[in-house]
Amino acid sequence: MKILRVLLFVLSMIMTLSFDTYCNGNNQSLIPRPMLINWLDDEFILKSNSSVSSESEKLQDYFDDALRTLTGIRLISHKNNTGSEIRFILDPDFNSSNKEAYSMNISPARITISSGDETGLFRGIQTLLQLIPAEIKLKKDSDSIKIPCVKIFDEPEFSWRGLNLDCSRHFMTVDFVKRYIDILAYYKFNTLHWHLTEDQGWRIEVKKYPKLTEIGAWRKEADGSIYGGFYTQDEIREIVAYAESRFINIVPEIEMPGHSLASLAAYPENSCEGGPFEVTNVWGVHKDIYCAGRDSTFIFLQNILDEVIQLFPGKYIHIGGDEAPKDRWKECPECQARIIEKGLKNEDELQSYFITRISRYLSSKGRDIIGWDEILEGGLAPGAIVQSWRSFQGAIDAAKSGHFTISSPNSHTYLDHDPDDLDLRLAYSFNPIPNELTEDEKVFVLGSEANMWTEHAPQETIDSKLFPRLLALAEVFWSNPQSVPGKADYDEFYNRVQNTYADLTARGIKYGRETKVITPKTNFDKTKNEFTVKLVRGQKDIEIRYTTNGSAPDVNSELYVDPITVRSTANLKIAAFKNNSIISKAITLGFVYHKALGSKITFANSYDERYRAAGENALVDGVRGTNNIHDNNWQGFEGVHFEAVIDLGKAINISRVTPRFILNSNSWVFLPEQVEISLSNDSMNFTDKRSILNDVQQKNSEIVLKDFPAEFNGTTARYIKVNARSILKCPEWHPGAGYDAWLFIDEIVVE
Ligand code: ACM
Ligand code: ZN
């Protein structure tokens with residue numbers, strides 16, 4: 001059928017005599033790219049006296065509102081208008097049975113959007129809104145809009161095109177969530193996956209259990225401040241209705257049995273050990289989870305789900321199921337009794353029992369569950385949809401066992417990941433359908449979701465995390481460019497992204513980076529005693545600007561043209577700009593002149609290759625690490641002590657030696673317990689040993705940079721040995737308890 005439709009459409013395009021490739025000036029910015037498109041030479045002029053006739057009254061109202069919001073143009077009245085005409089037609093004989101399919105025909109006299117369903121009309125209206133030039137959206141005071149003439153036929157490859165918004169780690173306001181519903185609609189997504197409960201915050205009002213929000217919605221931050229928020233049921237109804245009017249389904253996620261500490265802080269009786277617990281401010285995985293042995297826990301969850309069902313009319317309820325450590329279940333008499341009573345083999349099967357029991361309950365209410373791919377462990381509940389996140393494997397296993405799946409591997413869809421690791425090109429290269437599936441199995445892949453986890457993303461940073469990479473996923477989800485050889489054309493997509501920036505700006509979207517935008521390459525020239533800094537660009541059409549006086553770079557700072565020379569201890573701050581907006585975090589390069597610059601250094605235990613920084617030379621290259629362990633200046637050592645010897649080349653006077661370490665407990669990076677520094681002239685006998693004890697609390701979610709200075713009063717020596725004693729394993733209070741701890745060290749400054 002699809003092939004027939006394509007042939008018919010191509011034929012009609014040829015007959016219009018102006019078969020045009022996808023290359024018409026300003027109009028190259030449609031994202032996702034429609035299935036079939038034929039640009040024509042003329043223009044349609046939209047004015048306030050244009051008439052809109054729609055077979056769907058609600059879409060007529062929607063279009064009036066959207067047009068007014070985007071452009072400032074207020075359509076006067078639809079009846080008796082004499083101007084150009086816009087028609088939204090519901091066609092029972094429309095040539096696609098896909099509810100989201102539409103066709104669009106724009107001629108100088110008329111815009112016609114047709115579909116067999118309101119959903120398709122709505123998707124088509126989004127294409128029309130995208131065709132309005134960005135300048136019109138920016139100014140909002142035009143009295144006429146030129147829209148290019150075009151013929152389009154369009155329908156999606158995937159029926160599930162979602163964004164997962166984590167409103168638990170960081171709370172997002174009602175207006176912000178609605179704004180994102182509009183953004184999703186604009187790019188033809190159809191699902192908002194709303195992550196509403198977590199260890200760090202419970203965000204949905206439940207009338208039967210008021211403490212869930214009185215206690216569970218608020219956490220104490222490391223600085224003592226209180227952080228939190230929640231959505232009342234009225235607010236949720238308002239958001240659900242708003243999404244419905246944009247043909248977007250909301251899937252609420254109520255996490256169980258893990259990621260439930262905020263709930264347990266409010267009702268500790270649902271845990272194995274009984275608490276008390278606090279809503280945590282520590283990211284990661286926590287061991288206290290719902291008890292699977294107590295029936296009262298299930299009743300509690302069912303009562304919550306009863307209220308959830310009332311609020312969310314969609315078929316699917318996401319119940320999480322990920323990252324549930326089994327430590328407490330192993331020790332809990334009730335959980336162990338359940339294992340015996342039900343003849344289960346182990347705690348994995350107990351998890352499966354848990355999920356299946358909840359799944360059956362929801363099934364009895366006419367709903368189906370979605371769970372993260374861990375729900376495959378120990379057996380899958382009938383009818384469950386698997387959201388594959390750890391890799392593609394969950395999607396493969398689900399499809400091969402006849403279960404529907406949402407294929408959203410973190411490698412390609414976790415847009416909280418830094419663009420250095422997951423960039424625009426990688427996002428565009430994503431194919432949600434794993435190669436391992438047969439044609440029959442592929443139908444189980446419903447689609448995919450972008451995921452916006454917010455541990456490190458308060459609301460005001462969400463735009464910059466999602467954009468522009470969400471554009472790549474919008475295109476992947478709608479048209480799956482990688483599905484057939486020759487369909488994907490990254491350069492062509494990239495051009496549309498470039499044209500879309502103005503549209504993003506006009507709509508107030510504060511986009512971030514496509515990729516790693518600046519790679520600094522520093523070099524110390526021993527003979528000239530100076531550093532040179534070359535800045536390599538990773539993205540087209542950006543300006544790099546910098547400061548040397550410690551201030552944050554802005555659009556008026558010095559423009560980078562040639563490599564920068566640094567001749568004294570200095571802080572170079574660098575940032576990338578596009579369209580007069582900053583699009584990167586400022587990179588700080590702290591240069592420090594000292595006596596060991598460029599010296600040879602040998603290690604007793606090697607650094608981890610992932611955290612090699614500048615390699616052998618990194619600790620004596622004169623460039624300081626920032627508070628970001630990924631800044632390519634910190635060297636990481638996993639589960640071992642640190643020991644290195646610096647050879648200064650000849651004996652010199654030494655007054656002080658200062659290695660610097662970093663604490664970042666959320667990333668399993670801890671300070672050494674103690675640092676020992678000693679000197680030698682023959683590299684065999686080390687004397688003058690100084691010991692410096694750590695005096696900073698390791699249980700601290702703040703990032704701390706800590707110097708361990710050793711004083712030597714001008715002792716003469718050629719060799720310096722630095723020993724740092726790691727804690728080796730993450731401490732008992734830490735989510736990684738028992739696993740290898742990291743030591744991160746940067747410059748060893750010798751004075
Ligand atoms: C997940 O990222 N834990 C689903
Ligand atoms: Zn238990």
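Please refer to the structure higher up on the page.
Residues numbered from 1 in each chain as written. Chains lettered and ligands numbered in written order. Predicted model: local features only at pLDDT ≥ 70, side-chain atom pairs only at ≥ 80, totals over all residues. Heavy atoms only, no water.

Draft legend 1. Layout of the sheet that holds strand 5 (residues 110-115). Taken in spatial order, the 6 strands make up an open sheet running 1-6-4-5-3-2, and their pairing is mixed. Among the strands making up the open sheet, the edge pair consists of strand 1 (36-47) and strand 2 (51-54). Looking at each pair of strands side by side, their axes are set apart by 20° on average, direction ignored. Pairing of strand 4 (residues 102-106) with strand 5 involves 4 bridges; the strand directions are antiparallel. (Pairing = 2+ DSSP bridges. Helix = DSSP H or I, 4+ residues; strand = E, 2+ residues; numbered from the N terminus. Axes fitted to C-alpha atoms, helices over the stretch in contact; angles between N-to-C directions.)

Draft legend 2. Broad picture of the coordination of the zinc ion (ligand 2). Here the zinc ion (ligand 2) is held by the protein donor atoms Cys272 (SG), Cys291 (SG), Cys332 (SG) and Cys335 (SG), which lie 2.3 to 2.4 Å from it. In the primary structure, the donors to the zinc ion (ligand 2) are separated according to the pattern C-x18-C-x40-C-x2-C. Residue Cys272 is found in the loop between helix 8 (261-266) and helix 9 (295-311), and its partner Cys335 is found in helix 11 (residues 333-341); the two are separated by 63 residues along the sequence. Neither Cys272 nor Cys335 differs from the other in exposure class; each is buried. (Donors = N, O, S within 2.8 Å, 3.2 Å for Na, K, Ca; no water. Buried < 20%, exposed > 50% of the residue type's maximum accessible area, 1.4 Å probe, protein only.)

Draft legend 3. Inspection of the packing of aromatic side chains at higher detail. Applying the stated criterion to the full structure yields 45 aromatic pairs. Ring centres 6.4 Å apart and planes at 55° place the aromatic pair Tyr290 and Phe300 in the tilted group. Of the two residues, Tyr290 is situated in the loop between helix 8 and helix 9 and Phe300 in helix 9; the sequence distance between them amounts to 10 residues. Relative to Phe708, the ring of Phe661 lies with its centre 5.5 Å away and its plane at 90°, an arrangement referred to as edge-to-face. Taken as a pair, Phe661 in strand 30 (residues 642-663) and Phe708 in the loop between strand 33 (704-707) and strand 34 (710-725) lie far apart in primary sequence, 47 residues in all. Considered together, Phe661 and Phe708 belong to a single accessibility category, that of buried residues. Note that Arg357 overlies the ring of Phe298, its terminal NZ or CZ placed 4.1 Å from the centroid. Positioned over the ring face of Tyr186 is Arg507, at 3.7 Å from the centre of the ring. (Phe/Tyr/Trp six-rings, centres within 6.5 Å; stacked < 30°, edge-to-face > 60°. Lys NZ or Arg CZ within 6 Å of the ring centre and 35° of its normal.)

Draft legend 4. How the structure looks around the environment of Pro520. Position of Pro520 relative to the elements: it lies in strand 19 (residues 518-525). Sequence spacing of Pro520 and Ile587 is 67 residues, and the spatial spacing of their C-alpha atoms is 9.0 Å. Among residues more than four places away in sequence, those in contact with Pro520 are Lys534, Leu535, Ile587 and Leu589. (Contact = heavy atoms within 4.5 Å.)

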